[in-house]
Amino acid sequence: MAAFLAVVSAMCFALAAALQQRGQFALANAGSAVRGVAGLIRLVAVPVWLFGTLILLVGYGTQGVALGHGRLVVVQPLMVTTIVWALPLGYWLTSQHVVRRQVLGAGVVVVGLALFVLVGDPDAGVDDASALGLVSCAAVITAVVVVVMLSLRTGTAPSVRAAALGVCAGLLFGLAACFAKPVIEDLHSGLAATAGDWRTWTLLGFGFAAFLIQQLSLATGQLAPAMAAVSVANPAISVILGILLFEERLTRPGWHVVVAAAALLAALGGAVLITLANRETQLPGEPTGRSGALTDETLR
């Protein structure tokens, strides 16, 4: 059940990203391209962006249920499939270029994750983590995100900027998932207990920050590197935090652990391949035109 819901969440996240980027393209066509956080406010008036955001909320809901029934080291790696769904959706909805190496990378992601889920078998772990552990990890990840964002320059290539912002969003999404585990447990005690828990508001804060950064990543017009970066950073940090904070381990015989770890690394490598194979997609209004046709030249 948890694995199925995780894949459903990944599908929702991919569709939401494609629709939100379509909304950003609509603004760019109208001469109001998003150039910063302040520019995101204009997106509220774009129906397709709002629809994408609604689907994103559905994805958050199914991911929360998945985390309530499963473990971080299983649920979060399945988020890598977001980039697999994002490729065709980006091609259909926002005329993104899709090249043969990206299709190959998507295949590697699917095979790697299938092996990881079939071979890996994490133990029960714990449903809560110490406040000190959560705060320490949050501080370190926040510092990394701030450094990466401050290092971005005005002249940074769109694909590089999309990937860097995607990594930042993925790190914060993964951190938010760690706070979601104890918050979901609080829900069993009622809404009052949940609302009074500092971890609930921390979850919402990191989730909202990740949402804003991801919108800036999508605003570059580079859907593939933006989503691939999120799809790699999110599960990578989630697996690390699941091991450190929630004592989740792969407990089957040694060769199972080796195969499961290799399969997960292969899946992450497939997502990286998708990013490296990206072809620039120009934002509407940019000097260089772009075409959404999937031609033989595109597939080389």
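Once a new chain begins, its residue numbering starts again from 1 and follows that chain's sequence as written. Whole-chain, interface and lining totals are the exception, using all residues; otherwise, since this is a predicted model, local features are given only for residues with pLDDT of at least 70 and side-chain atom pairs are given and counted only at 80 or more. To obtain the side-chain values, all non-hydrogen atoms of the structure were included, while hydrogens and water were left out.

### Some details on the state of the cysteines
At step 1: When the sulfur atoms of two cysteines come within 2.5 Å, that pair is taken as a disulfide. In this structure the tally under the stated criterion is zero disulfides.
At step 2: Take Cys 178: it sits in no disulfide, and the sulfur closest to it among the cysteines is that of Cys 137, at 7.3 Å.

### Section: the environment of Val 110
At step 1: By definition, any uninterrupted DSSP run of H or I lasting at least four residues is a helix, any uninterrupted run of E lasting at least two residues is a strand, and each is numbered from the N terminus. Counting through the fold element by element, Val 110 comes out in helix 5 (residues 100–119).
At step 2: Once the C-alpha coordinates of Val 110 and Gly 270 are considered, the two residues, 160 residues apart in sequence, prove to be 8.9 Å apart.

### So, the packing of helix 7 (residues 158–187) against helix 10 (residues 223–246)
At step 1: Every axis corresponds to a line fitted to the C-alpha atoms, with the helix fit spanning only the stretch in contact, and the corresponding angles, defined between N-to-C directions, vary from 0 to 180 degrees. It is at 7 Å that the axes of helix 7 and helix 10 come closest, and there the two elements cross at 35°. Of the two possible hands of crossing, helix 7 and helix 10 adopt the one that is right-handed.
At step 2: Polar here means any residue outside two lists: the nonpolar Ala, Val, Leu, Ile, Met, Phe, Trp, Tyr, Cys and Pro, and the charged Asp, Glu, Lys and Arg; Gly therefore counts as polar. Among the residues making up the contact of helix 7 with helix 10, the classes are represented as 17 nonpolar, six polar and one charged. We call a crossing left-handed when the near helix sits turned anticlockwise from the far one by less than a right angle, and right-handed when that turn is clockwise.

### Overview of the packing of aromatic side chains
At step 1: Note on aromatic contacts: the rings of Phe and Tyr and the six-membered ring of Trp form a pair at centre separations within 6.5 Å, being stacked when their planes are under 30 degrees apart, edge-to-face when over 60 apart, and tilted otherwise. For the structure shown, the criterion picks out six aromatic pairs.
At step 2: Ring centres of Phe 208 and Phe 211 lie 6.4 Å apart, and the angle between their planes is 25°; on these two criteria the pair is classed as stacked. Of this pair, Phe 208 and Phe 211 are both found in helix 9 (residues 198–218), three residues apart, which corresponds to roughly one turn of the helix.
At step 3: Only protein chains enter the accessibility calculation, which uses a 1.4 Å probe; a residue whose area is less than 20% of its type maximum is buried, one above 50% is exposed, and one in between is partly exposed. You can call Phe 211 buried: its relative accessible area is 12%.
At step 4: Grouping aromatic residues by their ring pairs yields a cluster made of Phe 13, Tyr 60 and Phe 173.

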